[in-house]
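# Reading the structure
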Amino acid sequence: MENSKLGKYQAIIISSLLLLLGLTSVVLVILESLLKWEWQSVWVFIIAIAGAIALFVGINMLYTTLSKKVRKLSVKEMTMIALQSSITVILYYFVKFNLPFFPPWLDIQISEVPALITGFAYGPYAGFLVILIRFIIKLPATITAGVGELADLILSGCLVIVSSLIYRKNRTLKGALLGTIFGIAISTVLSVFVNWLILIPAYINIAHFPLSALVGMMNYIPSLTVTEDNFMLVYILVGVIPFNLFRYFIVALVTFLLYKKTHILLKRLTK
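Residues numbered from 1 in each chain as written. Predicted model: local features only at pLDDT ≥ 70, side-chain atom pairs only at ≥ 80, totals over all residues. Heavy atoms only, no water.

### A few points about helix H6 (residues 147-169)
- In this model, H6 (23 residues) spans 33 Å end to end at C-alpha, consistent with the 33 Å of a helix rising 1.5 Å per residue.
- In terms of residue burial, H6 counts as a mostly covered element, since 18 of its 23 residues are buried. (Helix = DSSP H or I, 4+ residues; strand = E, 2+ residues; numbered from the N terminus. Expected span 1.5 Å × (residues − 1). Buried < 20%, exposed > 50% of the residue type's maximum accessible area, 1.4 Å probe, protein only.)

Right, here's the structure in full:
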């Protein structure tokens, strides 16, 4: 009993240190951006990525440690997770399109649908496994040194974990709706910081995509006057926030339309 308690306390301490490390790195990157510290860009990216990983691992470790019961997945359930992961990769690569009222490099895609269905059926960790497998499969084809893929992992993982955690506490239509609304809201807020601190700087400094080109592509709306000075603000207000709200709404809608039939099928296959 003593050893068990000691292990639990050690895990809490380690996860708290990871959370502190992640939050510190976020604060450092924000201060560097606001105060114009003359850091080499590579260090900014390393700190941002390390901080994101530390936050994510810390949150998951703390949740696992404090959970009274974490259900283990059966072999059949793991098989279904693998199948859902295959579907999510196919959706990511082949079901995507642009809309004229969003920046042209933002694709509407619904690859989180299988992960959400899995999260609702088997729990948040099962849903996140689908997102993690998608991340691993996408990583070798990266053109942003893994930064874009990491951003997808963070945002999609947030959507799936938050939505399925709330649904697990209240397994009703109301619980699913509430979970999805919170998941969409938190993921959208998080997308602002991910684009501001990680994605756009990575495209400019790692993928060597000039800011002037991004500014030019943002002038798809005639009434907008976008310059290099106001690009980030306009992009976040006109692009990031409405785009993510719209895309996650589509993902949630498709999930609700498919979940009932898919869940019945999953239950039959995993008996």
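The structure having been displayed, the exposition proceeds.
### With respect to the side chain of Arg-134
- For Arg-134, the location among the structural elements is in helix H5 (residues 124-138).
- In contact with Arg-134, not counting residues within four places along its chain, are Thr-88, Val-89, Tyr-92, Ser-111, Glu-112, Asp-152 and Ser-156. (Contact = heavy atoms within 4.5 Å.)

### Describing the nonpolar core
- In terms of nonpolar packing, the biggest core is built from 32 residues, with Leu-116, Ile-131, Leu-153, Leu-159, Val-251 and Tyr-259 touching the most fellow members.
- Secondary structure elements with two or more residues in this core: helix H3 (75-94), helix H4 (113-122), H5, H6, helix H7 (173-205) and helix H9 (231-269).
- For this core, the element with the most residues is H6, which contributes nine residues.
- Core analysis: the next-biggest nonpolar cluster, separate from the first, contains 16 residues, Ile-200, Val-226, Phe-231 and Phe-243 among them. (Core = buried A, V, L, I, M, F, W, Y, C linked by side-chain atoms within 4.5 Å.)

### With respect to the pattern of salt bridges
- Evaluated as defined, the whole model comprises three salt bridges.
- Here Arg-247 makes a salt bridge to Glu-112, at a shortest N to O gap of 2.9 Å. With Arg-247 in helix H9 and Glu-112 in the loop between strand E2 (108-109) and H4, this residue pair connects regions lying 135 residues apart in the sequence. Of the two residues, Arg-247 and Glu-112, neither departs from the other in class, the shared state being buried.
- Put simply, Asp-152 and Lys-138 hold a salt bridge, and the shortest N to O gap is 2.5 Å. Taken together, the residues span a long stretch of sequence, with Asp-152 in helix H6 and Lys-138 in helix H5 at a distance of 14 residues.
- For Asp-152, a relative accessible area of 23% puts it in the partly exposed group.
- Judged by its relative accessible area of 3%, Lys-138 falls in the buried class. (Salt bridge = Lys/Arg side-chain N within 4 Å of Asp/Glu carboxyl O.)

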